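# Examination of the molecular architecture
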Amino acid sequence: MISSQRLKQRVAIIRAVRVFFEERDYLEIDTPLRLPVLAPEVWIEPEISGDYFLQTSPELCMKRLLAAGHSRLFQICHCFRKGERGKLHLPEFAMLEWYRIGIDYQDLMAECEDLVKSLILECDSGPLFPGLADRISLEVPFERLTVGAAFGRYAKCSVAEALAADRYEEVLVEQVEPNLGVGRPTFLYDYPAPLASLARLKKDEPTVAERFELYIDTIELANGFSELIDPVEQRQRFEKDRNLILAAGRQPGPMPEKFLTALQDMPEAAGIALGLDRLVMVLTGAESIDEVVGCSPNEL
Amino acid sequence: MLSASDLRKGLKILMDGAPYIITKFDFSKPGKGQSLYKCRLQHMINGNSTERTFRSNDKFEKAPLEERAMQYLYSQGDEFHFMDNNTYEQLFLTRDQIGENVNYMVDNMDVAVLFFNETPIDITLPIFVNLTVTKADPWAKGDTSGTDTKPVTVETGYILQVPPFIEEGEKIQIDTRTGDYMTRVKE
């Protein structure tokens, strides 16, 4: 079971998250956990719940609210991903997602950095988090590194070579990630276009998508991007992903038709999903995700 | 068939025609990418370790392993002879295969012999065994040198640390997983 100290830390962090977003005029919402349709994801397998699925992320519902006219939304909810279990993975985990219209991924990186720094500032003021500000400095700007530059610096091959050899994940995990967010947090950004399902491609460099991830202490914390709002291109990507799911021997769910229809009305926006349990891990120095949740799967 | 999501520490799988046990296991999954299952595997016959990273779509076969209840009969040179409790068939394993178990084995002991494709490859002893102390320095009562333990030799020739009151001819219980003294056995 979670220790009393960690539970207090977790509560303090989540409270500070809410304060941050409320001060910035975000509305907190909650959308259904059980959904009839999910975004097709090649490497995320959903849990079945009756005729529905348990959500793997609240992304589609939140974007439909943006299309319906809301401008700043955040949500703290549980997400479910079948078979994901490790030191950094739970098959049910807490997610913080937020979306804002009129900004792009660069603006969102800045806001994400503001959030992490404001949490550190808030947490460091009390006695619950000894030594936090020594581990993550508030003075130093987060590092910003393109995926291409990160592979150039840390990997034995280029991104293009890794993708061509179907070894992108191995190279990222074994050679690149161990260097990310060490000393100061790192934003890895500008992902190869094939690795973005719902992100907008860069206008002047269409081989990369306007997507980023945040790393602290080598741990991947968040995935954000400028949202793709072209329903035609989004449908093509979903179709491609559904074919890849079939090729992997699984049955894809239905096409998210209502989402694609709503996308016609969605303004330019950027959004991000941040693993809240992992955020608690890095802010408390926990070794494993099991240490920061109320009941880990092993205890059920 | 097993799939990558079945992988975990302690699982025994068949790889390149040999039985391997997973001794270390890490799950990773870079943002929205493929799951990676990084394993450290030990060859169950020659003991060599190797690292492999598997992916979601990889398939495995369980190593065809079977344990049979047997009795340890005797050793002759480097050969350790056992008898199947059900069929009375006899077989032997080599000293290399027996490894450190030799420290705890006495004639007529019940053991489990592990087979890979009908070939014996390893044995599992009872967790606790009782062995007779064959050599011990006498306990000097009132010894104030401050040492809490002393070395003794048991009937197998194994030497271990025990409390100072243990004397020659007594039986002690040993944990075969750690080789440590557990308690004095009164008969």
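Everything numeric in this text was worked out from a predicted model, so none of it was measured.

### A look at the overall build of chain B
Looking only at helices and strands, one finds one helix and 16 strands in chain B. Structurally, chain B occupies a C-alpha span of about 70 × 45 × 25 Å along its principal axes. Of all 187 residues assigned to chain B, the portion counted as buried reaches 40%. Within chain B, residue pairs in contact and separated by at least 24 positions form 43% of the contacts whose partners lie at least 6 positions apart. By element, 45% of the accessible surface of chain B is carried by carbon and sulfur atoms, the whole surface being about 10500 Å². In chain B, 21 positive and 28 negative side-chain charges are present, and the distance between their average locations comes to 11 Å.

### Considerations on the packing of aromatic side chains
Per the counting criterion, the structure on display carries 15 aromatic pairs over all chains. Within the aromatic cluster, the residues linked to one another by ring pairs are Phe20(A), Phe21(A), Tyr26(A), Phe74(A) and Trp98(A).

### Comments concerning the sheet that holds strand S3 (residues 48–49) of chain A
If you trace the three strands from one edge of the open sheet to the other, you get S2-S4-S3 (chain A), paired in antiparallel fashion. The open sheet terminates on both sides in strands that have one partner only, identified here as strand S2 (34–35) and S3 of chain A.

### Thoughts on the nonpolar core
If you look at the biggest cluster of nonpolar residues, it comprises 54 residues, and the most contacted ones within it are Ile13(A), Phe21(A), Leu96(A), Trp98(A), Leu214(A), Leu279(A) and Leu283(A). A total of nine residues in this core trace back to one element, the largest contributor, which is helix H3 (residues 105–124) of chain A. Setting aside residues up to four positions removed in sequence, Leu283(A) forms contacts with Ile13(A), Leu119(A), Ile120(A), Phe129(A), Leu132(A), Arg135(A) and Ile136(A). Counting residues in hydrophobic clusters, the runner-up holds 28 residues, among them Phe80(B), Leu93(B), Tyr104(B) and Tyr181(B).

### As for the interface of chain A and chain B
Taken together, the 22 residues of chain A in the interface contact 13 residues of chain B. Regarding the contact of chain A and chain B, the summed buried area is about 1700 Å², with carbon and sulfur atoms giving 52% of it. At the junction of chain A and chain B, the tally comes to four salt bridges. Among the ionic pairs, Arg55(B) bridges to Glu170(A), the shortest N-O distance being 2.9 Å. Counting every contact that joins chain A to chain B gives eight residue pairs in polar contact (both at pLDDT 80 or more). Secondary-structure elements contributing two or more residues to the side of chain A that touches chain B are helix H7 (168–176), strand S10 (205–216) and strand S11 (219–226) of chain A.

### Topic: the packing of helix H1 (residues 4–23) of chain A against helix H10 (residues 276–284) of chain A
Residue and element names in this part refer to chain A. Contact geometry of H1 with H10 gives a least axis separation of 10 Å together with a crossing angle of 115°. H1 and H10 meet at a crossing whose hand is right-handed. Along the contact surface, H1 presents Arg 6, Gln 9, Arg 10, Ile 13 and Ile 14, while H10 presents Leu 276, Asp 277, Leu 279, Val 280, Leu 283 and Thr 284. Of the residues that constitute the contact of H1 with H10, the class distribution is six nonpolar, two polar and three charged.

### Describing empty space enclosed by the protein
All names here are of chain A. Using the criterion set out here, one finds two cavities of 30 Å³ or more in the structure. Of the voids in this model, the largest cavity is the one considered here, and its volume is about 430 Å³. Lining the largest cavity are 31 residues, and of these Arg 81, Phe 93, Met 95, Glu 220 and Arg 278 lie nearest its centre. Those elements that place two or more of their residues in the lining of the largest cavity are strand S6 (92–101), S11, strand S12 (269–275) and H10. By residue class, the composition of the lining of the largest cavity is 14 nonpolar, six polar and 11 charged. One number sums up the size of the second largest cavity: a volume of about 70 Å³. Class assignment of the residues belonging to the lining of the second largest cavity gives a composition of five nonpolar, two polar and three charged.

### Re the pairing of strand S5 (residues 72–80) of chain A
Residue and element names in this part refer to chain A. Burial analysis of S5 places seven of its nine residues in the buried class, which makes it a mostly covered element. In terms of strand pairing, strand S1 (residues 27–28) meets S5 through two bridges, oriented parallel. Within S5, the residue paired with Leu 27 across the bridge is Leu 73.

### Some thoughts on the domain arrangement of chain B
Residues and elements named next belong to chain B. With domains assigned, chain B is organised as domain 1 (2–62), domain 2 (65–124) and domain 3 (128–185). The straight-line distance from the C-alpha centre of domain 2 to that of domain 3 is 26 Å. Contacts between domain 2 and domain 3 engage six residues on the former and eight residues on the latter. Of all residues in domain 2, Asn 103, Tyr 104 and Val 106 give up the largest surface area on contact with domain 3, accounting jointly for 84% of the area buried on that side. Inspection of the region where domain 2 meets domain 3 yields zero salt bridges. On inspection of domain 2 and its partner domain 3, the count reaches one residue pair in polar contact (both at pLDDT 80 or more).

### Some remarks on the sheet that holds strand S15 (residues 171–175) of chain B
To summarise the sheet geometry, strands pair through backbone hydrogen bonds and adopt either a parallel or an antiparallel arrangement. All names here are of chain B. Sheet architecture is open: five strands sit in the order S14-S13-S12-S15-S16, paired in antiparallel fashion. The outermost strands of the open sheet, each flanked by one partner alone, are strand S14 (159–162) and strand S16 (180–185). When strand polarity is set aside, the average angle formed by the axes of neighbouring strands in this sheet is 50°. Pairing of S15 with S16, which is carried by five bridges, proceeds in the antiparallel orientation. Residue pairing across strands places Gln 173 opposite Thr 183, the latter belonging to S16.

Thresholds applied
- Residues numbered from 1 in each chain as written.
- Chains lettered and ligands numbered in written order.
- Predicted model: local features only at pLDDT ≥ 70, side-chain atom pairs only at ≥ 80, totals over all residues.
- Heavy atoms only, no water.
- Helix = DSSP H or I, 4+ residues; strand = E, 2+ residues; numbered from the N terminus.
- Buried < 20%, exposed > 50% of the residue type's maximum accessible area, 1.4 Å probe, protein only.
- Contact = heavy atoms within 4.5 Å.
- Areas by Shrake-Rupley, 256 points an atom, 1.4 Å probe, with all protein chains shown as cover.
- Lys, Arg positive; Asp, Glu negative; His and termini not counted.
- Charge placed at Lys NZ, Arg CZ, Asp CG, Glu CD.
- Phe/Tyr/Trp six-rings, centres within 6.5 Å; stacked < 30°, edge-to-face > 60°.
- Pairing = 2+ DSSP bridges.
- Core = buried A, V, L, I, M, F, W, Y, C linked by side-chain atoms within 4.5 Å.
- Buried area = accessible area lost by both parts, 1.4 Å probe.
- Salt bridge = Lys/Arg side-chain N within 4 Å of Asp/Glu carboxyl O.
- Polar contact = N/O pair within 3.5 Å; in protein donor to acceptor, adjacent residues only side chain to side chain.
- Axes fitted to C-alpha atoms, helices over the stretch in contact; angles between N-to-C directions.
- Left-handed = near helix turned anticlockwise from the far one by under 90°.
- Nonpolar A, V, L, I, M, F, W, Y, C, P; charged D, E, K, R; others polar.
- 1 Å grid on protein atoms, 1.4 Å probe; cavity = no way out; pocket = protein on both sides within 12 Å on 5 of 7 lines; lining within 4 Å.
- Points joined across faces, edges and corners; volume = space filled by probe spheres on them.
- Domains from an automatic or database assignment.

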